[in-house]
Amino acid sequence: MTRDIEQRGLWFEEFDLDARYLHRPGRTVTEADNVLFTTLTMNTQALHLDAAFAAGESFGQRLVNSMFTLSTLVGASVAQLTQGTLVANLGFGAVAFPAPVFIGDTLYAETTVAAKRLSASRPGQGIVTLDHVARNQHDVVVATASRSTLVWCEGARS
């Protein structure tokens, strides 16, 4: 007889303070990604949408919307870390974009666990603080973010 194994994130107990979680595969950013995300979020910044305008600015080309970069960074971690084990995102700490992302760049994400503790007010759940880093195809850090999450402890989910 075979047994079913469903992909899931990590229970509170499984988060390792000494690990670096590499989220693969990477994600190549397309023009469609940038235009769709930018227009869906009502961001009319010409640096994202107007190639002629952006050509005359500091980077000489359109910049990928930084909120798309952040969303992709966090999203890349879900399957490995929080799929089905997350109760809620509690908040974001420091978010930075030290280098630009351009159409055609490939984003690679990684996460380390900065801290974890059992919740004092929610039995069977724990708070895990994650430090996310996005790098482009040249290994240049393009985004960092700290995220506080509430996750289930193993066996506690009803």
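Above this text is the structure in question.
Quick notes on the rules
- Residues numbered from 1 in each chain as written.
- Predicted model: local features only at pLDDT ≥ 70, side-chain atom pairs only at ≥ 80, totals over all residues.
- Heavy atoms only, no water.
- Salt bridge = Lys/Arg side-chain N within 4 Å of Asp/Glu carboxyl O.
- Helix = DSSP H or I, 4+ residues; strand = E, 2+ residues; numbered from the N terminus.
- Buried < 20%, exposed > 50% of the residue type's maximum accessible area, 1.4 Å probe, protein only.
- Pairing = 2+ DSSP bridges.
- Axes fitted to C-alpha atoms, helices over the stretch in contact; angles between N-to-C directions.
- 1 Å grid on protein atoms, 1.4 Å probe; cavity = no way out; pocket = protein on both sides within 12 Å on 5 of 7 lines; lining within 4 Å.
- Points joined across faces, edges and corners; volume = space filled by probe spheres on them.
- Nonpolar A, V, L, I, M, F, W, Y, C, P; charged D, E, K, R; others polar.
- Contact = heavy atoms within 4.5 Å.
- Core = buried A, V, L, I, M, F, W, Y, C linked by side-chain atoms within 4.5 Å.

Asks: Could you give me a rundown of the pattern of salt bridges, with the residues and numbers involved?
Replies: This model, assessed by the stated rule, comprises 6 salt bridges. Residue Asp33 is joined to Arg27 by a salt bridge in which the shortest nitrogen-to-oxygen separation is 2.6 Å. In this structure, Arg62 and Glu31 form a salt bridge, with 2.8 Å as the shortest nitrogen-oxygen distance. Here the residue Arg62 occupies a position in the loop between helix H3 (51-55) and helix H4 (66-82), and Glu31 occupies one in helix H1 (residues 31-40), the gap between them amounting to 31 residues. A relative accessible area of 17% means that Arg62 is categorised as buried. Residues joined in a network through salt bridges with shared partners are Arg20, Glu110, Arg135 and Asp139.

Asks: Could you give an account of the sheet that holds strand E3 (residues 106-118), with specific residues and numbers?
Replies: The strand order across the open sheet formed by 5 strands is E1-E3-E4-E5-E2, and the pairing between neighbours is antiparallel. This sheet does not close on itself; its edge strands, each paired only once, are strand E1 (20-28) and strand E2 (86-96). The mean angle between the axes of side-by-side strands here comes to 25 degrees, regardless of whether they run parallel or antiparallel. For E2 and strand E5 (residues 141-152), the ladder comprises 7 bridges, and the chain directions are antiparallel. From the neighbouring strand, Ala88 faces E5, where its bridge partner is Leu150.

Asks: I'd like a rundown of the layout of surface pockets, residues and numbers included.
Replies: Size it by volume and the largest pocket reaches roughly 190 Å³. Each residue belonging to the lining of the largest pocket can be placed in one class, and the counts come to 8 nonpolar, 4 polar and 2 charged.

Asks: Break down the environment of Gln7 for me, with residues and values.
Replies: Inspection of the secondary structure assignment puts Gln7 in the segment before E1. Accessibility expressed as a relative area gives 56% for Gln7, which makes it exposed. Those residues in contact with Gln7, other than ones at most four positions away along the chain, are Ala79 and Gln83.

Asks: Would you mind going over unusual backbone geometry in detail, with residue names and values included?
Replies: Residues Arg24 and Pro25 are joined by a peptide bond in cis, for which omega reads 5 degrees. Here Pro25 lies in strand E1. We note that Met42 has phi near 60 degrees; this positive angle belongs to a residue other than glycine. The exposed category is assigned to Met42, whose relative accessible area is 73%. Positioned with a positive phi, Asp139 is a non-glycine residue whose angle comes to about 70 degrees. Among the structural elements, Asp139 can be located in the loop between strand E4 (125-135) and E5. With a relative accessible area of 52%, Asp139 lands in the exposed category.

Asks: Can you break down the nonpolar core residue by residue, with the values?
Replies: Ranked by internal contacts, the top residues of the largest apolar core, which has 15 residues, are Val29, Leu73, Val101 and Val142. Among the secondary structure elements, those contributing two or more residues to this core are H4, E3 and E5. The dominant element in this core, judged by the number of residues it contributes, is H4, at 4 residues. Non-local contacts of Val101, meaning those with residues more than four positions away in its chain, are made with Val29, Arg62, Leu63, Val64, Thr69, Leu107 and Val142.

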